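Listed here are the chains, written in short residue letters.
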Amino acid sequence: MQNELYYGDNLDVLRRKIAAESVDLCYIDPPFNSKRNYFQIYNNQGSEDRAQAQAFVDTWNWGEEAIEGLEYILDIERLNPRAGDTRWTEQTVELIRGLEKVLGRGSLLAYLVHMTLRIVEIHRVLKPTGSFYLHCDPTASHYLKLVCDAVFVGEGGDYLNEITWKRTTRLC
Ligand SMILES: C[S@@+](CC[C@H](N)C(=O)[O-])C[C@H]1O[C@@H](n2cnc3c(N)ncnc32)[C@H](O)[C@@H]1O
C-alpha cells in the first residue's frame, strides 16, 4: 500500500487498515497531556471529524473511554492468541495494573490508557526492523518510556536514544 492518507481516530485506522509488520518507520506527535486545548481547524460534520475535534482537547478525564480502555487492557484474555496479531505483553498489562494502583483513576491514567492502546498497535504494525519515534514533553515522558519498554520488551526494549529540543534565543 502506498501514498494512502487516513483521516479519523488512529486506533481505529491502525486496527482496521494497517497490516501487521508492514511499516518501516512510525513517528507520532500525539497529545502530551498538556491540559491545554489546541486550535481546531475542522468543522464537526462526520464521525471522523468528531474524533479529531475531541483530539484537539488535550485535557484528560477519567470517563467512559478510559474505563473501556482499562478494561480492554486488563482483560487477560488479550494475552491469548485469539487476540490476533496484536501482541499484548504481560509486562504491558502488569504495568497498567500497577499504574492504576499508583496513580489512581484520573487524568494521567486516562491519558496513559489512551496512549498504551495505540502504542501496542504501533508495535504490531512495525516490521521487526522498524523504528518508532515518539514526540512528547516531560508531562508524561517518563511514563511513556515505561509503556514503550513494556510493549517492546519482546525485542529487549531496544530503546535507542532520546532527542531533546534545545531552545535558543534567535539572534537578529
Ligand atoms: C500535538 S498535536 C500534533 C500536531 C502536528 N504534529 C503538527 O505539527 O501540526 C496532536 C495531534 O494529534 C491528533 N490526535 C490526537 N488524538 C488522535 C487520535 N485518536 N486519532 C487521530 N489523531 C489524533 C490531534 O488532532 C492533533 O492534531
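One can find the structure itself at the top, above this paragraph.
Everything quoted here is computed from the prediction, not taken from an experiment.

**Things to note about the environment of Asp 75**
1) Next: Within the fold, Asp 75 resides in the loop between helix H3 (64-74) and helix H4 (90-103).
2) Next: Look at Asp 75 and you get partly exposed, because its relative accessible area is 29%.
3) Next: The spacing of Asp 75 and Val 93 is 18 residues in sequence and 8.5 Å in space, taken between C-alpha atoms.

**Some points on H4**
1) Next: A rise of 1.5 Å per residue sets the reference length of H4, with its 14 residues, at 20 Å; its end C-alpha atoms lie 20 Å apart and thus fit the reference within 8%.
2) Next: Every buried residue of H4 is listed here: Thr 92, Val 93, Leu 95, Ile 96 and Leu 99. Taken end-on, H4 shows its buried residues confined to a sector of 160°, consistent with a single buried face. For H4, the exposed residues set more than 90 degrees away from the buried face come down to Glu 90, Lys 101 and Val 102.
3) Next: Along its buried surface, H4 packs onto H3, helix H5 (107-125) and helix H6 (141-151).
4) Next: Looking one or two residues past H4, Gly 104 carries a phi angle of roughly 75°, positive in sign.

**A look at the side chain of Asp 58**
1) Next: Residue position: Asp 58 is located in strand S3 (residues 57-58).
2) Next: Taking the relative accessible area as the measure of exposure, Asp 58 reaches 0% and is therefore buried.
3) Next: Of note is the side chain of Asp 58, whose polar atom sits 3.0 Å from the backbone nitrogen of Asn 33.
4) Next: Here Trp 60 takes part through its side chain, which lies 2.7 Å from a polar atom of the side chain of Asp 58.

**Some remarks on the packing of aromatic side chains**
1) Next: Summed over the entire model, instances satisfying the criterion amount to three aromatic pairs.
2) Next: Centre to centre, the rings of Tyr 72 and Trp 88 are 6.0 Å apart; their planes meet at 65°, and the pair counts as edge-to-face. Of the two residues, Tyr 72 sits in helix H3 while Trp 88 sits in the loop between H3 and H4, which places them 16 residues apart along the sequence.
3) Next: In this structure Tyr 72 comes out as partly exposed when scored by relative accessible area, which is 23%.
4) Next: Here the aromatic rings of Phe 132 and Phe 152 are separated by 5.9 Å at their centres, their planes lie at 25°, and the arrangement is stacked.

Scoring rules and cut-offs
Residues numbered from 1 in each chain as written. Predicted model: local features only at pLDDT ≥ 70, side-chain atom pairs only at ≥ 80, totals over all residues. Heavy atoms only, no water. Helix = DSSP H or I, 4+ residues; strand = E, 2+ residues; numbered from the N terminus. Buried < 20%, exposed > 50% of the residue type's maximum accessible area, 1.4 Å probe, protein only. Expected span 1.5 Å × (residues − 1). Arc of directions from axis to C-beta. Contact = heavy atoms within 4.5 Å. Polar contact = N/O pair within 3.5 Å; in protein donor to acceptor, adjacent residues only side chain to side chain. Phe/Tyr/Trp six-rings, centres within 6.5 Å; stacked < 30°, edge-to-face > 60°.

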